[in-house]
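A look at the structure
Each chain, written out:
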Amino acid sequence: MADEKSDPLVHRREKLERLRAKGINPFPYRYDRTHKLAEVAGGFEHLEGKTVAVAGRLMSVRGHGKTMFFHLQDQTGKLQGYLRQDAVDEDTFALFKDFDLGDIIGVSGEVFKTKTGETTVKVRKLEILAKSLLPLPEKWHGLTDVDIRFRRRYLDLIVNPEVMAIFAARTKTLRAVRAFLDKHGFLEVETPVLQPLYGGAAARPFVTHHNALDMRLYLRIADELYLKRLIVGGFDRVYEVCKDFRNEGMDREHNPEFTMVEFYAAYLDYHDIMKLFRELILHIAREVRGSETLQLGEEVIDISGEWPEVPLLESIRTATGRDFANSSIDEVRRLATEIGVDLTGKNTWGQIIDEVFSEKVQPNLVRPTFITDHPREISPLAKANRRDETLAERFELFVGGKEIGNAFSELSDPDDQRERFESQSRQAGAGDDEAHVMDEDYLRALSYGMPPTGGLGFGIDRLVMLLTGAASIREVILFPTMRPEGT
C-alpha cells in the first residue's frame, strides 16, 4: 500500500473534506453555463472583452505562485483559462489549489487573447462542479490498453478526444440514414426484440425465458420477417434501426449485439434496391465525411463512380481460375479442396460455393462491389433468379473486404417459402444450428398476399468503421461485449 503522504487518492479525499469544511458542496446541483468551450475558443471576434461562464474537466495546469494557466475540456473541445492572484479574491485563488486534474469546474470571466494568440478566459470566479476522486491516466502515456479502453469507455472518451469524434460520426450516420429513408417515403417502425421464433438470418440466437407466460423467447437475430408482415398489412415502405443479437464468435468485425438497418419497399426488386443503396451510401458519406469518400485503413477512396456488379460464380472463376457453375456437389467439393478451401461443416452445394467465395474472393473486394446471384440454397428468403433457378435474386455489397449489406427480391410465394423452410428444417436436423426455423404465422401472412418487394439489411457498425477508419468493431461500439474482468 502506498504511503498516505504520497498517495494521490488520499490527497484527493483530503481536498474533498477541505471543500466540505468550507461549506462548499463538491457535487452541486446545477451550473449556469453561457457557452460551450468551442463556442468561446472559436468566437473571439464576437466575445472579446465579454464575460462568459463555461464548464469542463480540468485537463492541465501550468504556472507558479501568483499566476496559473489551465485547460478545460468538454464535448466540443478545449479552452484555456488564466488565473491571477491579484485579479480574484483570496478565497477564489485558494479554491483553485484544492482542484485536481480530472475535476469538473465552472469558470466565469472575460475573454481575451494571450501573447501567443490563444483565446483565453481571464478568471473572475471558480466553482467546483464534480470532484474527481480517482486520477486520470498519466499524461504522457495516456490510456492505450485496449481492454481497459473498451471496459472503461468513460476514461477513453476523457483522455482520447479522437474517440469522441468516432461516436459523433456514428450519430451523424444514423441521422443521415433516417433522413434519406424518410425523404424516400419510408416509415420508421419498431418490431419485437423478444420473439417466440427467431428468423430472418442464418445465426444462432440468445435464449431467454418469460416467467409470467412460462415460455421460451429469443432475442431477435434480424427484423426481416416482422417487417415483411407489415408489407403484407399494407405499408408500402418501412424501415427499422434495430439492435440485433447473434450468439456467435467475436472478432474484429463481429460483436454479439450490433446495430442493423433493414428496409423493405413494395413493388421493387433487388435491382431497384441496389440503386437505392448506392444513393444511400453516397448520401451518408457526404453527410459524415463531407465528400463522396470512404476510409479504408489509412487510404481514402473516391466512391463517386459506378460500382461494379459481379455475379458470385463469375467472381470465383476470375479469382481462382476454376469454374464452379453447373457442377455437382462432388465436383465443387473437389475443386474447392484443390485450391485449399477448408470445407469443415460445409455440407451443401451452396455452402461450399459460399465458403470458396469467402476465402478466395471477399478479402480482395476493396472498392465498393455488388456481388450478385448467390446460391438459392443458402438464400431461403429470396426469390429464385429469373435466369437460373439454382441461384437467388440477391446481392451483397462489399467494401474493404467487408460485407456491408445484403438484399433480396423477397420471396412472396407461400408454398415456395414453406418448401424452403422445410429444407432448412432438414438441415437443422442434420446438425446445422444456424438454419432457419419453421414460422407458420409468417407463412400465414404470406398466404394473404405480399406484393413484389425488395428488401435490404446493412450493418451500421461496419459502415462506421469504413467512415472513420476504425480497425475493429469495438472501436465504434460504445460498450462492446467483453469477458468479465479477471477471467
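Position labels on residues start from 1 in each chain and follow its written sequence. Under the rules for a predicted model, residues below a pLDDT of 70 receive no local features and side-chain atom pairs below 80 are neither given nor counted, while totals for whole chains, interfaces and linings still include all residues. Derived side-chain values reflect all non-hydrogen atoms in the structure, with water molecules and hydrogen atoms excluded from consideration.

**Some details on the overall build of the protein chain**
Helix and strand counts for the protein chain stand at 15 helices and 18 strands. Here the C-alpha coordinates of the protein chain stretch approximately 90 × 50 × 50 Å along the principal axes. Remark: exposure states derive from per-residue accessible area (1.4 Å probe, protein chains only) relative to the maximum for the residue type, with buried under 20%, exposed over 50%, and partly exposed in between. Going through the 487 residues of the protein chain one by one, you find that 48% of them count as buried. A separation of at least 24 residues holds for 63% of the contacts in the protein chain among residues at least 6 apart in sequence. Computed over 66 positive and 80 negative side-chain charges, the inter-centroid distance for the protein chain is 7 Å. Each helix is a run of DSSP H or I of at least 4 residues and each strand a run of E of at least 2, with the numbering of both proceeding from the N terminus. We call two residues contacting when some pair of their heavy atoms lies within 4.5 Å. Positive charges are assigned to Lys and Arg, negative charges to Asp and Glu, while His and the chain termini are left out of the count. All charge positions are set by atom: Lys at NZ, Arg at CZ, Asp at CG, Glu at CD.

**Side note on the pattern of salt bridges**
The salt bridge criterion pairs a side-chain nitrogen of Lys or Arg with a carboxyl oxygen of Asp or Glu, the two atoms within 4 Å. Per the counting criterion, the structure on display carries 41 salt bridges. Ionic pairing is found between E485 and R152, a salt bridge with its closest N-O pair at 3.4 Å. Taken as a pair, E485 in the segment after α15 (460-468) and R152 in the loop between α5 (146-151) and α6 (153-159) lie far apart in primary sequence, 333 residues in all. For E485, a relative accessible area of 54% translates into the label exposed. Shared partners join several salt bridges into a network, and the residues in it are K15, D100, D103 and K131.

**A word on the packing of aromatic side chains**
Here a Phe, Tyr or Trp ring, Trp counted by its six-membered ring, pairs with any other such ring whose centre lies within 6.5 Å, and the pair is stacked when the planes are under 30 degrees apart, edge-to-face when over 60, and tilted otherwise. For the structure on display, the rule yields 11 aromatic pairs. Aromatic ring contacts, followed pair by pair, group F69, Y82 and F112 into a single cluster. Here R229 stacks its cationic end above the ring of Y226, 4.7 Å away from the centre of that ring. Between the NZ or CZ atom of R278 and the centre of the ring of W307, over which it lies, the distance is 5.5 Å. Counted as over-ring charges are cases with an Arg CZ or a Lys NZ within 6 Å of the ring centre that also lie within 35 degrees of the ring normal.

**Brief notes about helix α8 (residues 224-233)**
In an α-helix, one turn spans 3.6 residues; hence positions three or four apart end up facing the same way. Among all positions in α8, only E224, L225, L227, K228, R229 and I231 are buried. Here the buried face of α8 lies against β10 (237-245), β11 (257-266), β17 (402-409), α14 (440-447) and β18 (453-459). Where α8 terminates, the next one or two residues include G234, which has phi positive at roughly 125 degrees.

**So, the sheet that holds strand β9 (residues 215-219)**
Strand order in the open sheet formed by 3 strands is β7-β9-β8, with antiparallel pairing between adjacent strands. A strand with exactly one partner marks an edge of an open sheet, and here the two such strands are β7 (194-195) and β8 (207-210). Pairing between two strands requires that DSSP report at least two bridges joining them.

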